[in-house]
Amino acid sequence: MQSHFKYYHGQLCAEDVPVAKLADEFGTPLYIYSRSHLIRQYRALADAMKSVKPHIYFAIKSNSNLAVIRTLADQGAGADVVSGGELYRARKAGVPAEKIVFAGVGKSVAEIDYALKEDIKFFTVESEAELHRISERAEAVGTKGRIAIRVNPDVDPKTHKYTSTGKAENKFGVDLTRAERAYEQALRLAGVEVVGMHMHLGSPIMTPTPYTEALQKVRPMCEQLKKDVPTFRHLDIGGGLGISYKAEQDPLDPRDFASAVLPLLHDLGLEVGMEPGRFIAGNAGILVTRVEYVKDSPSKTFIIVDAAMNDLIRPALYEAHHEIIPVVQTIERLFGDIVGPVCESGDFLAAERELPAVEEGDLLAVLSAGAYGFVMASNYNSRGRAAEIMVEGDRAELVRARETWDDLLRGETIPEW
Ligand code: LLP
């Protein structure tokens, strides 16, 4: 599928807006999101899966900017949240509570109380202890928490060990045997209503096979629950659909995904939920950075830019590959690393690669930065977090201001003594 970040007359544009113009106006490092890309990806998935009328809960953790959430909410998307803060954001951005599901292994009492008050669609329950806590808190306020047990089907999603979640050794969900017990307990608890089952295998997943394997494993239990429990009507198959991070890599086509999983879903007769994050937001965003210095060493060249691991941690954390292209097209190449100003050797955006031959003051765009980019940014080395821009056609708007040094000090005090 076509990118929304393309060259026109040698100038990289975000939709119809020259990236260099945005960098000059708003400074760098700068995240830029294409609204049209977000919408296209959402629709492509909804369309591929339309025979089961999927409930698409956008995984807020992948990109929680209010403008991004609102764009998707306007298309009909719900939200998959994993904290009280994400629930708050989703509500502020206009996602109706009845389209919000709440996952995560460590929901606090305060978070559960807040979600019960909002009356969200359901909690994805990750342990028996959590089941009891939700029931107690709901009973205390005279309500019931709707729940789906997160089943860990022990399937290998064939991804980085830090982003695999559906294997037996991962902390997420409960194994199939425990899940059976958890459902039995849930049915006896006065403060919960059993409405479904949830699974999420990890990400990014590049073939439909882990999903079909997992579905085959959970189907018998779903069929049984549907028979025994009148309120059991949802199966949420999680997120994790892969995108291309490399020019030559084929993304997971939503139509191939759909034709593999739909046969395993149709006859179940359950409402189908999905929680894509990266698939929708990943290639909707770029991180624009300016070259500060070019430094030669005996073994390679270091391109030192103004974005760092605090802005985009994926290369440092997962050795993730992001394509990096010049904002003004050039064919000249050099071999080296692109590194940031942070005082860590792990602070790189690209390592040991053929790179565009840029010079001090030139701009570079880090691609596929729309998911798990800004949301994982930190203030390490007392660096303010980048600004975020949304574009659509020839319109561009600042959707989050760059953090100032004063922002960094907010809330801190020095004791009198
Ligand atoms: N649902 C649940 C329960 C999840 O835990 C996740 C991601 C998703 C949905 C969305 O997955 P997606 O469709 O975006 O792949 N920081 C890592 C990814 C961590 C994903 C955590 N859970 C990265 O940068 O690759």
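For the structure itself, consult the block above.
Rules of the game
- Residues numbered from 1 in each chain as written.
- Predicted model: local features only at pLDDT ≥ 70, side-chain atom pairs only at ≥ 80, totals over all residues.
- Heavy atoms only, no water.
- Helix = DSSP H or I, 4+ residues; strand = E, 2+ residues; numbered from the N terminus.
- Buried < 20%, exposed > 50% of the residue type's maximum accessible area, 1.4 Å probe, protein only.
- Lys, Arg positive; Asp, Glu negative; His and termini not counted.
- Salt bridge = Lys/Arg side-chain N within 4 Å of Asp/Glu carboxyl O.
- Polar contact = N/O pair within 3.5 Å; in protein donor to acceptor, adjacent residues only side chain to side chain.
- Near = heavy atom within 4 Å.
- Areas by Shrake-Rupley, 256 points an atom, 1.4 Å probe, with all protein chains shown as cover.
- Nonpolar A, V, L, I, M, F, W, Y, C, P; charged D, E, K, R; others polar.
- Domains from an automatic or database assignment.
- Pairing = 2+ DSSP bridges.
- Contact = heavy atoms within 4.5 Å.
- Phe/Tyr/Trp six-rings, centres within 6.5 Å; stacked < 30°, edge-to-face > 60°.
- Lys NZ or Arg CZ within 6 Å of the ring centre and 35° of its normal.

**A closer look at the side chain of Asp347**
And then number 1: Summarising the element assignment, Asp347 is placed in the loop between strand E16 (333-339) and strand E17 (348-356).
And then number 2: Buried and unpaired, Asp347 has no salt bridge, with Arg383 as the nearest side chain of opposite charge at 6.7 Å.
And then number 3: A polar contact of 3.4 Å, which involves the side chain of Asp347, links it to the backbone nitrogen of Gly340.
And then number 4: There is a polar contact of 2.9 Å between the side chain of Asp347 and the backbone nitrogen of Val342.

**As for the site of the ligand**
And then number 1: Near the ligand lie 18 residues; those nearest to it are Gly240, Glu275, Arg314, Tyr318 and Tyr372.
And then number 2: Side-chain polar atom of Ser203 to an oxygen atom of the ligand: 3.0 Å apart, as the coordinates give it.
And then number 3: Interatomic distance of 2.6 Å between a side-chain N/O atom of Glu275 and a nitrogen atom of the ligand.
And then number 4: Taking 590 Å² as the accessible area of the ligand by itself, protein coverage stands at 93%.
And then number 5: Class assignment for the residues of the shell around the ligand results in 5 nonpolar, 7 polar and 6 charged.
And then number 6: Each of domain 1 (5-33 + 282-409) and domain 2 (104-274) gives at least three residues to the shell around the ligand.

**A few points about the sheet that holds strand E3 (residues 17-18)**
And then number 1: Taking strand neighbours across the sheet as the criterion, the 3 strands line up as E1-E2-E3 in an open arrangement whose pairing is antiparallel. In this open sheet, the two strands that pair with only one neighbour each are strand E1 (5-8) and E3.

**Remarks on the pattern of salt bridges**
And then number 1: In total, this model carries 22 salt bridges according to the counting rule given.
And then number 2: Between Lys50 and Asp47 there is a salt bridge, with the nearest N and O atoms lying 3.5 Å from each other.
And then number 3: Given the relative accessible area of 55%, Lys50 is considered exposed.
And then number 4: By relative accessible area, Asp47 is classed as partly exposed at 46%.
And then number 5: Salt bridges sharing common partners tie together Glu128, Asp175, Arg178 and Arg181.

**Re the side chain of Asp80**
And then number 1: Structurally, Asp80 is set in strand E6 (residues 78-81).
And then number 2: Judged by its relative accessible area of 2%, Asp80 is buried.
And then number 3: There is a polar contact of 3.2 Å between the side chain of Asp80 and the side chain of Lys61.
And then number 4: The contact partners of Asp80, leaving out residues within four places of it in the chain, are Tyr57, Phe58, Ala59, Ile60, Lys61, Glu86, Val101, Ala103 and Glu275.

**Overview of the packing of aromatic side chains**
And then number 1: Enumeration over the complete set of coordinates arrives at 6 aromatic pairs.
And then number 2: Look at Tyr211 and Phe257: their rings are 4.8 Å apart centre to centre, the planes differ by 85°, and that puts the pair in the edge-to-face class. Here the residue Tyr211 occupies a position in helix H8 (residues 209-228), and Phe257 occupies one in helix H9 (residues 254-266), the gap between them amounting to 46 residues.
And then number 3: Look at Phe257 and you get buried, because its relative accessible area is 0%.
And then number 4: Of the aromatic side chains, those joined through ring pairs into one cluster are Tyr31, Tyr33 and Phe374.
And then number 5: In this arrangement the basic side chain of Lys107 is found over the ring face of Phe102, its NZ or CZ atom lying 5.6 Å from the centre.

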